[in-house]
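# Remarks on the overall topology
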Amino acid sequence: ASAACASIAGQARYLVAEGFNAVFVCGTNGESFSCSLAERKAMLEMWMSTEEIRAKKLRVLAHVSCLAPPETVELARHAAALGVDAVSYMVPCFFKPVGDAAVAKMLADFALAVPTTPVLFYHFPDMTGVACSMERVLVAAREAAPNVVGAKFTHNDLADMQASIR
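Since the model is a prediction, treat every value here as computed from it, not as a measurement.

### Notes on unusual backbone geometry
At C26, a position not held by glycine, the phi torsion is positive, near 65°. Within the secondary structure, C26 sits in the loop between β1 (22–25) and α2 (31–34). You can call C26 buried: its relative accessible area is 5%. Its identity is not glycine, yet K56 carries a phi of approximately 65°, on the positive side. Tracing the backbone shows K56 in the loop between α4 (51–54) and β2 (59–63). Take K56: its relative accessible area is 68%, and that puts it in the exposed class.

Okay, here's the thing in structure tokens:
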């Protein structure tokens with residue numbers, strides 16, 4: 001664990017030195033499906049303990065999705081308790097919601113589990129296999145859960161991305 005801590009501390013220093021102002025912890029590189037719940041909690045704790053984050057030089061966006069919805073909520077509550085700036089949520093890629101309304105409900109239900117933490121919808125249809133209109137999902141989810149504040153858009157449908165920017 002000490003080698004991992006040193007590596008994360010070095011990454012935090014590097015990001016700040018290069019002008020970055022945020023870090024997306026356990027997202028983008030498949031950590032959500034490659035690491036255990038305990039490993040992901042420990043990794044987020046290591047990031048939150050860095051000087052750069054304690055000094056507010058870096059904001060923290062924590063990706064918390066797991067295949068099991070209860071673990072997703074557990075990880076989100078852990079992240080919220082640590083004081084992250086936001087959490088991101090990706091729909092499950094095995095038992096998939098069908099249609100915009102189902103995706104929006106799933107996102108809103110998740111967001112309501114951490115009502116004081118900003119939530120980003122991690123829209124990555126190539127990985128989840130769930131096609132939806134990000135604009136319609138965000139609008140509907142925000143009606144039920146005002147802490148749904150935006151999205152991480154990882155798709156090539158630029159018209160959908162443009163429509164969802166407000």
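### Focus: the nonpolar core
One finds W47, L107 and F121 to be the most contacted residues of the largest nonpolar core, which totals 41 residues. The element best represented in this core is helix α6 (residues 100–112), accounting for six residues. In this view, F121 contacts Y89, V91, V103, L107, C132, M134, V137, L138, G150, A151 and K152; residues no more than four positions away in its chain are not counted.

### Notes on helix α8 (residues 134–144)
Residues of α8 that are buried: M134, V137, L138 and A141. Looking straight down α8, one finds that the buried residues subtend no more than 95° of arc, so they occupy a single side. Exposed positions of α8 whose direction lies more than 90 degrees from the buried face are R136 and E143.

### Looking at the packing of aromatic side chains
Under the definition given, this model contains three aromatic pairs. Considering the side-chain rings of F24 and Y122, the 5.5 Å spacing of their centres and the 65° angle between planes classify their relative orientation as edge-to-face. Residue F24 is found in strand β1, and its partner Y122 is found in strand β4 (residues 119–123); the two are separated by 98 residues along the sequence. Looking at Y122, the relative accessible area reads 2%, which means it is buried. Seen from their ring centres, F94 and F95 are 4.9 Å apart, and the 90° between their planes marks the pair as edge-to-face.

### A few points about a nonpolar patch on the surface
Together, F33, L67, F94 and F95 make up a nonpolar patch on the protein surface, roughly 510 Å² of accessible area in all. With respect to the helices and strands, the residue L67 is situated in the loop between β2 and α5 (69–82).

### Brief notes about the packing of helix α3 (residues 37–48) against α5
How two helices pack is summed up by the angle between their axes together with the distance between the axes. Running from N to C, α3 and α5 cross one another at 15°; their axes reach a closest spacing of 11 Å. Relative to α5, the element α3 lies roughly parallel. The element α3 and its partner α5 pack so that their crossing is right-handed. Facing α3, whose interface residues are L37, R40, K41, L44, E45 and M48, α5 presents E71, E74, L75, H78, A79 and L82. For the contact of α3 with α5, the residue count by class is six nonpolar, one polar and five charged.

### With respect to the environment of E71
Looking at the secondary structure, you find E71 in helix α5. With a relative accessible area of 34%, E71 lands in the partly exposed category. Considered as a pair, E71 and L37 are 34 residues apart in the sequence and their alpha carbons are 7.4 Å apart. In contact with E71, not counting residues within four places along its chain, are L37 and C66.

### A look at the packing of α6 against α8
Look at α6 against α8: their axes get within 8 Å of each other, and the N-to-C directions meet at 40°. With respect to their mutual orientation, α6 and α8 come out oblique. Taken as a pair, α6 and α8 cross one another with a handedness that is right-handed. On α8, the residues touching D100, V103, A104, L107, A108 and L112 of α6 are R136, V137, L138, A140, A141 and A144. Of the residues belonging to the contact of α6 with α8, the class tally is ten nonpolar, no polar and two charged.

Cut-offs used in this document
- Residues numbered from 1 in each chain as written.
- Predicted model: local features only at pLDDT ≥ 70, side-chain atom pairs only at ≥ 80, totals over all residues.
- Heavy atoms only, no water.
- Helix = DSSP H or I, 4+ residues; strand = E, 2+ residues; numbered from the N terminus.
- Buried < 20%, exposed > 50% of the residue type's maximum accessible area, 1.4 Å probe, protein only.
- Core = buried A, V, L, I, M, F, W, Y, C linked by side-chain atoms within 4.5 Å.
- Contact = heavy atoms within 4.5 Å.
- Arc of directions from axis to C-beta.
- Phe/Tyr/Trp six-rings, centres within 6.5 Å; stacked < 30°, edge-to-face > 60°.
- Patch = residues over 30% accessible without salt bridge, like charges linked within 9 Å, V, L, I, M, F, W, Y side chains within 5 Å.
- Areas by Shrake-Rupley, 256 points an atom, 1.4 Å probe, with all protein chains shown as cover.
- Salt bridge = Lys/Arg side-chain N within 4 Å of Asp/Glu carboxyl O.
- Axes fitted to C-alpha atoms, helices over the stretch in contact; angles between N-to-C directions.
- Parallel < 35°, antiparallel > 145°, perpendicular 65-115°, else oblique.
- Left-handed = near helix turned anticlockwise from the far one by under 90°.
- Nonpolar A, V, L, I, M, F, W, Y, C, P; charged D, E, K, R; others polar.

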